[in-house]
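# A look at the structure
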Amino acid sequence: MEYIVYVYQYLIFFYALAITTIYLILAFYAYFNVKNTKIRFSEVEEEQLKRMPEMAPAISVVAPAFNEEVIIIDNVNSLLNLDYPNFEVVIVNDGSLDKTLELLIDKYDLVAIDFPYIEKVRCKPVKRVLKSTNPKYFRLTVVDKINGGTKADAMNAGVNVARYDHFINTDVDCLLARDTLTKIILPVLDSSKTVIAVGATMRMANGCEVENGIITRVKPASRLIPIFQETEYLRSYLVAKMGWSAFNLVPNVSGGFGLFDKKVVIGAGGFDSLSHAEDMDMTLRMIAYMKDHDREYQIVQIPDSLCWTEGPPNLKVLRRQRSRWGRGLLQIFAVHRRFLFNRKYGRMGMVVLPYAFFFEFMAPIVEFIGFLFLIFLLLTNQINFETFWLMLLFVYLIGVTMSIITVSYDLAVKKQYTSVWDYILLVFVSTFEAIIYHPFVVVFSLLGYWQFLTRKEFKWGAMTRQGFTKTTQNT
Amino acid sequence: MSTLKYYYYYLDSEFIGYPAIIRITVFLVLLFIFIYFLTLLRIGYISFRLRQGKRREQRVEDKYGDKIFSLLVEDSSASVNTRPTSEDLKEMASLSDWEKIIITQKLLDLRELHAEKFNEDNFRTIVDLVGLNVFWENQLTHSDYGTVKNAVRKLEAIDDKGSGVMVRKVAQRNNSFARKIAKSAYMNLSSMDGLDYLDNDFDRKFNALDELRIHNSLLKRQAEKPLQPLVRWVLNSKNVQFQVFLIKEIAYFDQVDAAEVLLEYFSETYSSEVKAEIARTLGHLKYKDAVQKLQTEYHYVRSTVQLAIVEYMGLIGTRKALEFLVAEQKKVQSSELQIEMIRNIYRIEGAEGMVYKELMQNASSDFNKSIFNFVEKDEQETEYIIATSKE
């Protein structure tokens, strides 16, 4: 028993040391990547795209909607107001049971049209395609389909209807910045390799002031759960993904917002409608597709905040979200286990997936076992408290330091909050993340793993919406 | 340094005898604490710089704003836009670097906001008297690429042809980003032949963003005098993407004289992308002599080229083109190609055309029937978009 305790302690230490090393490397490279991206792409290029529409690649913005009557109009208004010369908006009504479709039809004068629907990727049947009789809304297409149970199925219908070579995958609960499309397309243009996907920073809309689908003021949420998530999201995008992007090793382009190459998505078979982590699943399959066809590719992450999403406002909704993410992550490794440590898939197989397995998937398990182990040591009086507090401080400082680094990167990219005290608030709140918020995330992730292993039937489920109009209300 | 050494040895002595794991952990804890406070300082510094930037802008606006406005914007109430002398601008004789940066932006913003009333001569005089072009040319030698890029952009915006030589030096740097920005700026600034970069495919790392920059330059040149024929660069290039881009530009700038040469090149090139773009361009140039050849080639090329040939036929709109589309439409296997064929038949004949109507009546499946209504609505929408964008 003593030997097990001894070995386990060292394993935990080296695990934490490995995480530390990886995060520090990512933070280091992310710093330069953020700096270089700011230099490479500026308002001049964006203005040129708007001034010369003949040179601006057309983009489809695809957003599935299921029971989103509270926010659908705000969202569609936000999308139709994007400042870009060539784009369309495709809303996929995924068999909503509420008034989502009726609201859209009333607001935008929609009628069903004859549409030569070609199923390039599999999805549940499309009942009809609607367009507006008002020329003002010529960019809008609404796809009405039978519910497929997951966002992935709805996305596939959107991909089948989208007419352009690149599409944005976003959610209806997301508000996009007006300059989203000019910013997101620049990395695609400025590359000699095929850029198969581009990700950007997502933030919480909770707390922001919104008018007619446009964010007029960015503010942190006033409730704790969304504030914790704000820092968590920023850490994921500005440190982790910007760091990975420096090595062309982005593991996942978020399903909440990302630009994708449509031909590659179709070639890879479209979104997996059975997947609960359709974003990471799609990213991996696109990479595998390019590898299988011996084609060079790039996945880029840009640091700009382009998408605001309504985050779970309370623990109940957070639990639903994180358990779904947990199910999705375990499902990824179950479905794509052939990529793991497979040299054929290059750095995806040898670096990205092993990292995701050991330091993202295993992390909640390691932490939970560590907690049980701690209880055991306490009960058997085997704790060396000096060492214990030192190790705890070390692990605590990893999170807190990464959080403050994240906040500094966010401020360096662009000052989103009006007052610098809002940034100080994020720093202050992040000092409590490890104590208040993170344990719940661990428990909910483990719950997700358990749900997947016991094969419970899952539905996409309805997010409890607060709505965006005026100030996003914090209940 | 000796202080650091002192503290290092002190800490080391405190933990003598402890396992390596403890010593490593102590080191990491101290490292994190150091990074934490350093980052806190960085946050403070960034917010200080942002506030300082705003204050400086306000100071420049308060000190020089009215004077600059009165000199540059015609019909302003302050003066009658007399040519400024060094005496008029003596308070601007010894500006600091940050003032020059802000004033340059102020001048350019005024030019954009009041384009019709802007006094260009006075603008040039102010730039010379204050030494702004010399300042930005000096910035070109900076090692930081962000500073160099900003300097190139400002010189390009100031549009002083004399700066072309200095900008060209930046185009010889190893950093591809700085090099390409400088090349495209040189194309705009050069008083001689600024298109010589096109001889070498513009840049060894040519990409779609360079297309945007070159197109911008070509537009400016076209506004001054007719462009040289771009086809010679198409024929001499080995870079397929570059060729495709130039062929598109030939269509955009309506260089009809290039049509015959392009048709000949269609047979010579092996690249499907180039063939497809040639077919589309010949359609935009309304080059009817290509109909026979493209109809023959249609059956031996890839689907991307077939799509382009179909588009060509729609743009040409001759009887032969229509007959070709009708004949091929009956045999086509690909749904996408079928939709494009019907679209181009509609473009030639319109909804009231006999052939179009007959095809619609004979459409066998629901899918085939839906294509006609969809194509009509889509084309009407496209016409609306074109009409509104012209407004």
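This write-up is about the structure you can find in this document. (Residues numbered from 1 in each chain as written. Chains lettered and ligands numbered in written order. Predicted model: local features only at pLDDT ≥ 70, side-chain atom pairs only at ≥ 80, totals over all residues. Heavy atoms only, no water.)

## Describing the packing of aromatic side chains
Stated precisely, the cut-off is as follows: Only centres within 6.5 Å qualify two rings of Phe, Tyr or Trp (six-membered ring in Trp) as a pair; their planes then separate them into stacked at under 30 degrees, edge-to-face at over 60, and tilted for everything else. Between buried and exposed lies partly exposed: a residue is buried under 20% and exposed over 50% of the maximum accessible area for its type, with that area taken using a 1.4 Å probe on protein chains only. Any Lys NZ or Arg CZ found within 6 Å of a ring centre and within 35 degrees of that ring's normal is scored as a charge over the ring.
As enumerated under the stated definition, the model contains 46 aromatic pairs over all chains in all. Considering the side-chain rings of Phe13(A) and Phe14(A), the 5.4 Å spacing of their centres and the 70 degrees angle between planes classify their relative orientation as edge-to-face. Classification of Phe13(A) by relative accessible area gives buried; the value is 3%. These aromatic residues form a ring-pair network of at least three members: Tyr6(A), Tyr10(A), Phe13(A), Phe14(A), Phe394(A) and Phe32(B). The ring of Phe266(B) is capped by Lys275(B), whose NZ or CZ atom sits 4.8 Å from the centre of that ring.

## Section: the sheet that holds strand E4 (residues 126-132) of chain A
Residues and elements named next belong to chain A. Worth spelling out the cut-off: At least two bridges found by DSSP between two strands is the condition for calling them paired. Only DSSP runs of H or I covering at least 4 residues are called helices, and only runs of E covering at least 2 are called strands; the numbering of each starts at the N terminus. Fitted lines through C-alpha atoms give the axes, limited to the stretch in contact for helices. The angle between two N-to-C directions lies from 0 to 180 degrees. Contacts are residue-level and defined by heavy atoms, with any inter-residue pair within 4.5 Å sufficient.
Strands sit in the order E3-E4-E5-E2-E1-E6-E11-E8-E12-E7 across an open sheet of 10 strands; the sheet is mixed. At either end of the open sheet lies a strand with only one pairing partner, and these are strand E3 (110-113) and strand E7 (174-176). With direction set aside, neighbouring strand axes in the sheet form an average angle of 30 degrees. Strand direction decides the pairing type here: strand E6 (residues 166-170) and strand E11 (residues 257-261), joined by 5 bridges, are antiparallel. In the strand pairing of E11, phenylalanine 167 is matched with phenylalanine 260. Against the sheet, helix H9 (residues 278-292) engages strand E8 (194-204), E11 and strand E12 (297-309), with an angle of about 160 degrees to E12.

## Here's the deal with the nonpolar core
As a reminder, the rule being used: Buried Ala, Val, Leu, Ile, Met, Phe, Trp, Tyr and Cys residues that are joined via side-chain atoms within 4.5 Å together make up what is termed a nonpolar core.
Counting 209 residues, the largest nonpolar core has Ile91(A) and Ile184(A) as its most contacted members. For Ile184(A), the residues in contact, after removing those within four places along its chain, are Ile168(A), Val198(A), Gly199(A), Ala200(A), Phe257(A), Leu259(A), Ile302(A) and Leu306(A). Leu175(A), Val218(A), Tyr417(A) and Leu28(B) belong to the second-largest nonpolar core, a separate cluster that totals 53 residues.

## A few points about unusual backbone geometry
Trans peptide bonds make up the majority, and among non-glycine residues the majority have a negative phi. With a phi angle near 50 degrees, Asn381(A) is a residue other than glycine that sits in the positive phi range. Topologically, Asn381(A) is positioned in the loop between helix H11 (346-379) and helix H12 (385-413). Despite not being glycine, Asp201(B) shows a phi value in the positive range, around 60 degrees. Following the sequence through the fold, Asp201(B) ends up in the loop between helix H8 (176-189) and helix H9 (208-224). Exposure remark for Asp201(B): the relative accessible area of 16% places this residue in the buried category.

## Some words on a negative patch on the surface
All names here are of chain A. Rule in force here: For patches, a residue must show more than 30% relative accessible area and have no salt bridge; joins then use 9 Å for like charges and 5 Å for nonpolar side chains, namely Val, Leu, Ile, Met, Phe, Trp and Tyr. Using the Shrake-Rupley algorithm and a 1.4 Å probe, accessible areas are obtained, with residue cover drawn only from the displayed protein chains. Any Lys or Arg side-chain nitrogen found within 4 Å of a carboxyl oxygen on Asp or Glu counts as a salt bridge. None of His or the chain ends enter the tally, which takes Lys and Arg as positive and Asp and Glu as negative. For charged residues, the charge sits on one atom: NZ in Lys, CZ in Arg, CG in Asp, CD in Glu.
Taken together, Glu69, Glu102, Asp106 and Asp109 make up a surface patch of like negative charges. Looking at the element boundaries, aspartate 106 is found in helix H4 (residues 100-108). Here aspartate 106 falls in the exposed class, since its relative accessible area comes to 61%.

## Quick notes on the interface of chain A and chain B
Which entries qualify depends on this criterion: Accessible-area loss on putting two parts together, using a 1.4 Å probe and summing over both, is the definition of buried area adopted here. Three residue categories are used. Nonpolar comprises Ala, Val, Leu, Ile, Met, Phe, Trp, Tyr, Cys and Pro, charged comprises Asp, Glu, Lys and Arg, and polar comprises the others, including Gly.
Each partner contributes to the interface: chain A provides 59 residues, whereas chain B provides 53 residues. Counting the surface lost from both chain A and chain B, the interface buries some 4800 Å², and carbon and sulfur atoms represent 74% of this. Linking chain A with chain B are 4 salt bridges, by the criterion used here. Residue Glu381(B) is joined to Lys131(A) by a salt bridge in which the shortest nitrogen-to-oxygen separation is 3.4 Å. At 18 residues, the largest contribution of residues to the side of chain A that touches chain B is made by H12(A). Of the residues that constitute the side of chain A that touches chain B, the class distribution is 36 nonpolar, 9 polar and 14 charged.

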